[in-house]
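# Descriptive structure summary
The primary structure of each chain is shown beneath.
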Amino acid sequence: MLKNITLGQYFPGDSFIHRLDPRTKLLATVALIAIVFVAQGFSGFLLIAAFVIGCAASTGIHLKYLIRGLKPIMFIIIFTFVLNLFFQTEGKELVHIGFIRITDQGLRMASFMAARLILLVVSSQLLTLTTSPIALTDGLEALFRPLEVIHFPAHEIAMMMSIALRFIPTLMDEADKIMKAQKARGANFETGSLIQRAKAMVPLLVPLFVGAFRRAEDLALAMDARCYRGGAGRTRMKQLKFGKNDVIAAVIMALLLAGVIALNRMNVF
């Protein structure tokens, strides 16, 4: 399970998406999430899925890697599917066993919501997989900077978010090592009742939290030793500049939105 968490991991590359300005990728991710909600049918989802698959292929990231990232939230996807399947009672009845009643509208709605959730997760993964934590911090800070007129801590918020994303893979690796060490000592994390498995997680969570606080303290000391004082007056080695590729990316996102809206009006399926 821990190895399936891809959030926060970065794959270096020199693809078109890798070379985009981080602000463009952040705005494109937000736009892509909005487009997923704009889609009103499976035809729109297929167009978005084809776009995401094409983006992943262009970056060299294997599609199986994106699918693997869905495993940690598979319970949420299944729960969403079942919830919509049984609580949507309108439409033609397909199955009726006792109090269980499944209709064609319920099946469609359940599949629609599950597909939307999958697209949201897979689309969001492309951002962290193709953007380094430093570039992500610079992009977030640049987008939040206009809010500084109302004393919004743009640099601090961006720094905290990037540090959190950066340390997710590190904490997952540490948790995997602790789990293997506990298994070597006879711990069992996979069998037994839900309460027994929850109790078995205590020997994993305690050292993991201790290690996380220790890493946080070490990071704070290292930043203080390097005279870190926040974003005021700081300079950057790499200045963010919009280029031709960013304009092309904006046009592509506009065309994707137009395609989804057209499919909604055509009401294909």
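As a starting point, this report considers the structure included with it. Sequence order as written defines the numbering, with residues in each chain counted from 1. Whole-chain, interface and lining totals are the exception, using all residues; otherwise, since this is a predicted model, local features are given only for residues with pLDDT of at least 70 and side-chain atom pairs are given and counted only at 80 or more. Side-chain calculation: all heavy atoms of the structure are included, whereas hydrogens and water are not.

### Quick word on unusual backbone geometry
To keep it simple, the criterion reads: Counting from the N terminus, the helices are the DSSP runs of H or I reaching at least four residues and the strands are the DSSP runs of E reaching at least two.
One non-glycine residue, histidine 151, lies in positive phi territory at about 65 degrees. Looking at the element boundaries, histidine 151 is found in the loop between helix H6 (133–144) and helix H7 (154–184).

### Some thoughts on helix H4 (residues 74–87)
Basically, it comes down to this: Residue count minus one, scaled by 1.5 Å, sets the expected span of a helix. Partly exposed describes any residue whose relative accessible area lies between the buried limit of under 20% and the exposed limit of over 50%, with all areas from a 1.4 Å probe on protein chains only and scaled to the type maximum. The directions from the helix axis to the C-beta atoms form the arc being described. Two residues form a contact once any of their heavy atoms are found within 4.5 Å.
When the terminal C-alpha atoms of H4 are compared, their 20 Å separation across 14 residues agrees well with the 20 Å that a helix rising 1.5 Å per residue should span. Considered for burial, the residues of H4 that qualify are Ile77, Thr80 and Leu85. For H4, the buried positions fall inside an angular range of 125 degrees around the axis, keeping them on one side. Of the exposed residues in H4, those oriented more than 90 degrees away from the buried face are Phe75 and Phe87. Considering only its buried residues, H4 is in contact with strand E2 (100–103) and helix H5 (104–130).

### A closer look at a nonpolar patch on the surface
Quick note on the threshold: Here, patches come from residues exposed beyond 30% relative accessible area and free of salt bridges, joined within 9 Å for like charges and within 5 Å for nonpolar side chains (Val, Leu, Ile, Met, Phe, Trp, Tyr). To measure how exposed things are, a 1.4 Å probe is used in the Shrake-Rupley method; for residues, cover is taken only from the protein chains shown. The term salt bridge refers to a side-chain nitrogen of Lys or Arg lying within 4 Å of a carboxyl oxygen of Asp or Glu.
Residues Met74, Phe75, Ile76, Ile78, Phe79, Val82, Leu83, Phe86, Phe87, Ile97 and Ile100 make up a contiguous nonpolar surface patch of roughly 1100 Å² in combined accessible area. Broken down by element, the nonpolar patch gets its largest block of residues, nine residues, from H4. Locating phenylalanine 79 in the fold gives a position in helix H4.

### Things to note about the packing of aromatic side chains
Filter applied, for reference: Working definition: a ring pair exists when centres of Phe, Tyr or Trp rings (six-membered ring for Trp) sit within 6.5 Å. Plane angles under 30 degrees give stacked, over 60 give edge-to-face, the rest tilted.
Taken as a whole, this structure holds five aromatic pairs when the rule is applied. Ring geometry for phenylalanine 42 against phenylalanine 45: centres 6.4 Å apart, planes inclined by 90 degrees, an arrangement best described as edge-to-face. On the criterion of helical spacing, the pair formed by phenylalanine 42 and phenylalanine 45 is a turn pair, its members being three residues apart in helix H2 (residues 42–59). For the ring pair phenylalanine 45 and phenylalanine 112, a centre distance of 4.7 Å and an interplane angle of 25 degrees mean the geometry is stacked. With a gap of 67 residues between them, phenylalanine 45 in helix H2 and phenylalanine 112 in helix H5 connect regions that are remote in the sequence. This pair shows no difference in class: phenylalanine 45 is buried, exactly as phenylalanine 112 is. Joined through ring pairs, the aromatic side chains of Phe42, Phe45 and Phe112 make up one cluster.

### Side note on the packing of helix H1 (residues 22–38) against H5
Defined as follows: Here an angle of 0 to 180 degrees is reported between the N-to-C directions of two axes, which are lines fitted to C-alpha atoms, with helices fitted over the stretch in contact. We call two directions roughly parallel when the angle between them is under 35 degrees, roughly antiparallel when it is over 145, roughly perpendicular when it lies between 65 and 115, and oblique otherwise. Under this grouping Gly is polar, as are all residues other than the nonpolar Ala, Val, Leu, Ile, Met, Phe, Trp, Tyr, Cys and Pro and the charged Asp, Glu, Lys and Arg.
It is at 10 Å that the axes of H1 and H5 come closest, and there the two elements cross at 175 degrees. Considering their axes alone, H1 and H5 lie roughly antiparallel with respect to each other. Where H1 approaches H5, its residues Lys25, Leu26, Thr29, Leu32, Ile33, Val36 and Phe37 are matched on the opposing element by Arg116, Leu119, Leu120, Ser123, Ser124, Leu127 and Thr130. Of the residues that constitute the contact of H1 with H5, the class distribution is eight nonpolar, four polar and two charged.

### Digging into H2
Residues that lie three or four places apart on an α-helix share one face, since the helix turns once every 3.6 residues. Over its 18 residues, H2 runs 26 Å from end to end, which matches the ideal 26 Å to within 8%, given 1.5 Å per residue. Of the residues one or two after H2, glycine 60 is the one with positive phi, at around 85 degrees.

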